[in-house]
Structure formats: C-alpha cells, structure tokens
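Listed below, chain by chain, are the residues.
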Amino acid sequence: MSLAEIETEVKRRRTFAIIAHPDAGKTTLTEKLLLYGGAIQLAGAVKARKQGKSATSDWMAMEKERGISITSAALQFEYNGSILNLLDTPGHEDFSEDTYRTLMAADTAVMVLDAGKGVEPQTVKLFRVCRDRGIPIITFINKMDRPTKDLYSLLDEIEKVLGIKAVPDVWPLGTGFDFKGVYDLRDQQLYLFDRTPGGKQKAGFRVAGPHDKTLDEQFDAEIVQAFRDQIELVSGGIGAVDVDAFLKGNETPVYFGSAVNNFGIELFLNKFLNLAPPPDHIPLRDGSYLDPVQAPFSAFVFKVQANMNKAHRDRIAFLRVCSGVFERGLNVNHNRLEKQVKLSSSFAFFGQDRNTVDLAYPGDIIGLVNPGTFKIGDVLSSGTAPALRPLPSFAPELFATISCKDTLQLKSFKKGLDQLAEEGILHLFSSRTIGGGVPIIGAMGKLQFEVFQRRLKDEYNADTNLQILPYTVSRWIDRADQTKLPSNVNLVEDMFGNLSLLFDSEWDMNYFQKNNETIQLLNAPPIDALELN
Ligand code: G4P
C-alpha cells in the first residue's frame, strides 16, 4: 500500500471518547451518533445493550442491575466518508483506571454535560486526565429540553471549575419545553427541529435566518426576542472558536442539544468532524515523535478483557494502531516478550457481536484473541518498537485479602485471579507479612471489589471471602531501596514484581517519609515513574 493511500485513510479517521458524569446522556448520545453513522437502524440498540437485553455475559447483567457501564467498548462507524472510532468509557468513578487508560487511546474527547446540572464531580476528574494528556475537548451540553441552568452561568462554570475557555459555536433557541432549535453562530443559520416520537429517527429540520418573520409567527415573541438578543451578545462578545487553542487544550468549543430528542446531533457531528484532529504524530519518551503515516506498523494494548462472551470464553486484548497498516496475519515484534507473534485472530466488536478485521489504519482499534500473550501497555510493531510513553498507573487506596471458600475451586480461583488482575481492574499483591500468604487485592473503589468477586463466581465458579485491610494509602518503591527498609513496614509485591508499601493514612506515610528520607515513595511503578520524570 502506498504512503499516499495510508495518508488518505489516516486523514479520514477520528478516534474519540465520550466523557461524562453518570446520567448526563453519554449512552444516549452514543446511540444517536451511531444512528447518523448508519451503524444501527433504530435508536435503542445501544440502550438495549446497556440494559442487558442482549447481554450474554453475566457481568453485563451486573451492569444492568447497577445501571452503570463497567466495560469500555470500541465502536467504529462511517459518516459522510469519515471513519469514526468511538471508545466508550465507563462513567463510574470506581472504574477510573480503566477509563484513564482508554482515554490514552483517544485523540479527542467529547465532554457531555447535563444542562440542568453543569460540571459534576466525575466530569472534573475525567476532564483533568484529558487535559494532562493534552487531548482536545469538545463540549456537548445535553438535555436542553429540560429546565437548564442559566446558559451564561454554564459557560462560566466550565471556565471557573475546569479552567478552560468555553466558546459556544452554536446557540439554542429557547430552553426546556421551549427548546426549538440550534443556531449556528458561524454560518448564521438556525436549525429548527421537528420532534419525532421517542427521538427514534433522524430529526427532520428546517433552516431559517435569525430574523426570519416565520419565527415571530411560529414561536412566542418573548422567546424569539431573547434569542435574538442573546446571539447578538454572544456573536459580538465571545468570538469564533480558535482551532489552535482548541487543539492545544486551552479552549473548548461548546454545542447545545438534546440527545434523547435527537435535536442538534447532526449539526454537532458535522462540526465535530471539522474540528477533531485525525490521528497525529505521537510523542515518544525521548522527546521525538512517531509519524503515523511514514513509520511501519505499531500499536499498543490499552485494555484486556476476559470472557467478552460466554460462548467464546476467550480473553481479548484491545490495541490502538499508532502507525502504519495492520493486515491480518501480520508477524510483529512483541516488545515485552522480545519475540515475534503472528496476529491472525483480529476482531472489531459491537457489544457482543464480533467481526473479523483484515485491515486497520492508525487510529483504529483492534481486538486480538489473547491467550495470555498480551498485557496492558505492550507495544507490537513491525521493526523496532517505538518508545511510547507509559500508560498511567494509580496507587490503590483500598485493600483486602481474598480467599477461596472451597478448596476444590482453588485451581479456577487462581486462574480467575490472574486473568482478572491482568485486565487491570485491580491490583494483585502478595506479601510475607500481611494476610498470612493469602492474595491481597488493591483498588480505587469498593465497587471494583464487588465486581471482582462476582466475576470470580460467575466466570470461574469460585466463591470467595473478602477481608478488608486497614490501609488507605500505597506507594511504590524502587527494588534497590528494599535493603534500607525498617522491619515493621507493610511490604507487598505486585504481579509484575514491583514493590509497594501500604500505610494506614497519609499521616503515617508522611511520618515514614520523614524518618526514611533516602527512600523514594513513588506514585507509579518504578519503571514508569522513571520514564515520566
Ligand atoms: P449515561 O450513559 O451518561 O449514564 O446517561 P444515559 O444516556 O443513560 O441517560 C441518562 C438518562 O437521561 C436517561 O433516562 C436518558 O433517557 C436521559 N436523557 C438523555 N439525553 C436526554 C435529553 O436530551 N433530554 C432528556 N430529557 N433526557 C435525556 P432514564 O430515565 O435513566 O432512562 P430511559 O428510561 O429514558 O432509557
């Protein structure tokens, strides 16, 4: 394949994630975007999956019970000649590590806010990760059909709470029940929407100018006047989106709409395609950049998932292609194992359905059947592996020992422990001093423990006992520092051989640090901490 052909494919790709506080409308927006992309015939398919109507694995049933999205899936769809790769990120804060890693595979983030609630706690956390990694962010203010906060206050809130300039690119005509359309501040056209029952089809719309007489005939005079005043103020006072500032993460273009009613989605999608960058050069550890077109094939594993489907019972490793072309059957170098592997079982997923992928380009996500060969952070490449920056790691804040209730289930318990820890949903430790030889698990939130136990039971038939430990803080240490440790520390070792110290509280950690100044306490495993510094 010629470089020009690869370049054409790269340019038409957009790889993005939607970030939102739970309930802001991420699932609904996803569903509507897919509808425009023709990936699903009827809206409702994604929702049905979320609710577990077509769930074939048990832990999806757990998502249904909880009403949360635990897993991240990658969906690909085509719209107007562009290929969109949508990474779905779980909204629940207990799954933040998984979410953070998924965001590392995205080139743009769409931040969905509930117009009635504004910036919520989980929005702030996710926003920060995008910002730290320099991912440009586009804001979609959803639920405009419901009572909203004052629109200027909403923009102000984004600026004050998130510290990013918020620049509206469209402006709504009316809010709540009176929300009738969206005005494009650039082409100065007003898109008036027709309600469709349940927002199930693409919304029909008419285009009008802001001063058309038909508006006065059709809508309440007060609403039309307020709208005209507002757009005058906004057009004059705020100015157009500065694409450069957006790409640098200093500015977020703002759109208004209602996902459930399908109002403003198509306009948003068109604007998104214009603004969102295609896969670009990737910064490497040595400060140089990886060219997506010129460099040979390379990709990294950002997610591992066991038991995607009970019928298959296999583990899948999700790769983001960084450069070059992936062809099924390709022989690649595996950076960690230092050997060649043949990539013959490659898939794309839509919920539980899978299709073979024969060809993929930078920005695309591929699922590989993983018989234990691939771990999060592995780099696969034709030729020398590019030194990609490490995926973020977080020191766990919650710890417990976990043991198997029935010794007959011990073998499958151990298998489940390893496979699920490999997914990275929590950290698995062992210790000589804590827990009497029983495995220790560490997480960011309690829900991770519950899901872990439930999956061990459902997928590995292992009933378990969990004993919460009193620690709330952990820090990695360099192996070389082990000899300097006093005898009374709570030392654990993770499945990759990294050493960690556990503390009851921040105070205890600080006390330890004061008395052991030569030992460096690290926020990330030593190898990554080294690279990040
Ligand atoms: P999430 O993935 O971010 O958690 O949110 P989700 O899309 O599931 O939406 C949360 C709730 O908000 C859903 O209602 C959904 O229908 C509703 N919603 C989404 N977009 C809009 C919108 O533009 N306007 C209004 N009024 N509501 C919206 P639910 O009652 O939890 O579920 P359902 O019974 O409607 O499916």
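Residues numbered from 1 in each chain as written. Predicted model: local features only at pLDDT ≥ 70, side-chain atom pairs only at ≥ 80, totals over all residues. Heavy atoms only, no water.

In the nomenclature of an unreviewed UniProt entry, the chain is known as Peptide chain release factor 3 of Leptospira ryugenii. UniProt, in the comment section headed Sequence similarities (unreviewed entry), describes the chain in these words: "Belongs to the TRAFAC class translation factor GTPase superfamily. Classic translation factor GTPase family. PrfC subfamily." If you open the UniProt record of the chain and go to Subcellular location (unreviewed entry), you find "Cytoplasm". (UniProt positions renumbered as here; feature names shortened; annotations may be inferred.)

(A) View of the nonpolar core. Counting residues in each nonpolar core, the largest one holds 97 residues, and the members touching the most others are Leu29, Leu33, Leu103, Val110, Ile158 and Trp171. At seven residues, helix H11 (residues 265-275) tops the list of elements feeding residues into this core. Each of domain 1 (3-73 + 107-276) and domain 2 (289-381) gives at least three residues to this core. Beyond its immediate sequence surroundings of up to four residues, Leu33 is in contact with Phe16, Ile18, Phe77, Ile265, Phe268 and Leu269. (Core = buried A, V, L, I, M, F, W, Y, C linked by side-chain atoms within 4.5 Å. Buried < 20%, exposed > 50% of the residue type's maximum accessible area, 1.4 Å probe, protein only. Helix = DSSP H or I, 4+ residues; strand = E, 2+ residues; numbered from the N terminus. Domains from an automatic or database assignment. Contact = heavy atoms within 4.5 Å.)

(B) Layout of the sheet that holds strand S30 (residues 499-503). Overall, antiparallel pairing links the seven strands, which are arranged S27-S24-S26-S25-S29-S30-S28 in an open sheet. Two strands close off the open sheet at either side, each with one partner strand: strand S27 (464-468) and strand S28 (473-477). Between one strand axis and the next, the sheet turns through 35 degrees on average, direction left out of account. Direction of pairing for strand S29 (residues 490-494) relative to S30: antiparallel, over a ladder of four bridges. Looking across to S30, one finds that Glu493 is bridged to Leu499. Against the sheet, helix H12 (residues 410-422) makes contact with strand S24 (398-404), strand S25 (427-430) and S27, and its axis sits at roughly 150 degrees relative to S24, the strand it touches most. (Pairing = 2+ DSSP bridges. Axes fitted to C-alpha atoms, helices over the stretch in contact; angles between N-to-C directions.)

(C) The arrangement of the packing of aromatic side chains in detail. Under the definition given, this model contains 15 aromatic pairs. Summarising the aromatic geometry, the rings of Trp171 and Phe256 are spaced 5.4 Å apart at their centres and angled 70 degrees between planes, so their arrangement reads as edge-to-face. Placement of the pair is Trp171 in strand S7 (residues 170-173) and Phe256 in strand S11 (residues 251-256), with a sequence separation of 85 residues. Here Trp171 falls in the buried class, since its relative accessible area comes to 0%. Exposure remark for Phe256: the relative accessible area of 1% places this residue in the buried category. (Phe/Tyr/Trp six-rings, centres within 6.5 Å; stacked < 30°, edge-to-face > 60°.)

(D) Local environment of unusual backbone geometry. A positive phi angle, near 45 degrees, is found at Asn80, a position not held by glycine. With respect to the helices, strands and loops of the structure, Asn80 is situated in the loop between strand S2 (74-79) and strand S3 (82-88). Looking at Asn80, the relative accessible area reads 64%, which means it is exposed. Despite not being glycine, Lys143 has its phi angle at roughly 60 degrees, a positive value. With respect to the helices and strands, Lys143 occurs in the loop between strand S5 (137-142) and helix H7 (151-162). Its relative accessible area of 23% is what places Lys143 among the partly exposed residues.

(E) Representation of the UniProt feature "binding site: GTP" (unreviewed entry) in the chain within the structure. On the UniProt side, "binding site: GTP" (unreviewed entry) is annotated at positions that read Asp88, Thr89, Pro90, Gly91, His92, Asn142, Lys143, Met144 and Asp145 here. With respect to the helices and strands, Asp145 occurs in the loop between S5 and H7. Sequence-distant contacts of Asp145, that is, excluding residues within four places in its chain, are made with Gly176, Phe177, Phe179, Arg195, Ser258, Val260 and Asn261.

(F) Up close: the pattern of salt bridges. Evaluation of the coordinates by the stated rule reveals 23 salt bridges. For the salt bridge of Arg315 with Glu422, the shortest nitrogen-to-oxygen distance reads 2.8 Å. In this pair, Arg315 sits in strand S15 (residues 315-323) while Glu422 sits in helix H12, placing the two residues 107 residues apart along the sequence. Residue Arg315 shares its accessibility class with Glu422, and that shared class is buried. A salt bridge links Asp358 to Arg328; the shortest N-O distance between them is 2.7 Å. (Salt bridge = Lys/Arg side-chain N within 4 Å of Asp/Glu carboxyl O.)

(G) The arrangement of the environment of Phe16 in detail. Take Phe16: it is sitting in strand S1 (residues 13-20). A sequence separation of 70 residues divides Phe16 from Leu86, and the C-alpha atoms of the two residues are 5.2 Å apart. Once residues within four sequence positions are removed from consideration, Phe16 is found in contact with Leu33, Leu84, Asn85, Leu86, Leu87, Ala106, Thr108, Val110 and Phe272.

(H) Geometry of helix H1 (residues 3-11). Taken together, the buried positions of H1 are occupied by Ile6, Glu9 and Val10. Seen from one end, H1 has its buried residues packed into an arc of 100 degrees, which puts them on one side. The inward-facing, buried residues of H1 abut S1. (Arc of directions from axis to C-beta.)

(I) Structural detail: the environment of Asn498. Mapped onto the elements, Asn498 comes out in the loop between S29 and S30. Between the C-alpha atoms of Asn498 and Ala524, which are 26 residues apart in sequence, the distance is 10.0 Å. With residues up to four places along the chain from it excluded, the contact list for Asn498 reads Trp476, Val492, Glu493, Pro525 and Pro526.

(J) Here's a closer look at the sheet that holds S5. Reading across from one edge, S2-S3-S1-S4-S5-S11-S6 is the order of the seven strands in this open sheet, with mixed pairing throughout. Strands with a single pairing partner mark the edges of an open sheet, and in this sheet they are S2 and strand S6 (165-168). Each strand axis lies, on average, 30 degrees off the axis of its neighbour in the sheet, ignoring direction. Pairing geometry for S1 and S3, over six bridges, is parallel. In the sheet register, Thr15 faces S3, and the bridge partner there is Asn85. Where helix H6 (residues 121-132) meets the sheet, it contacts S1, strand S4 (108-114) and S5, and its direction lies at approximately 145 degrees from that of S1. Docked against the sheet, H11 engages S1, S2, S3, S4, S5 and S11, running at close to 175 degrees with respect to S5.

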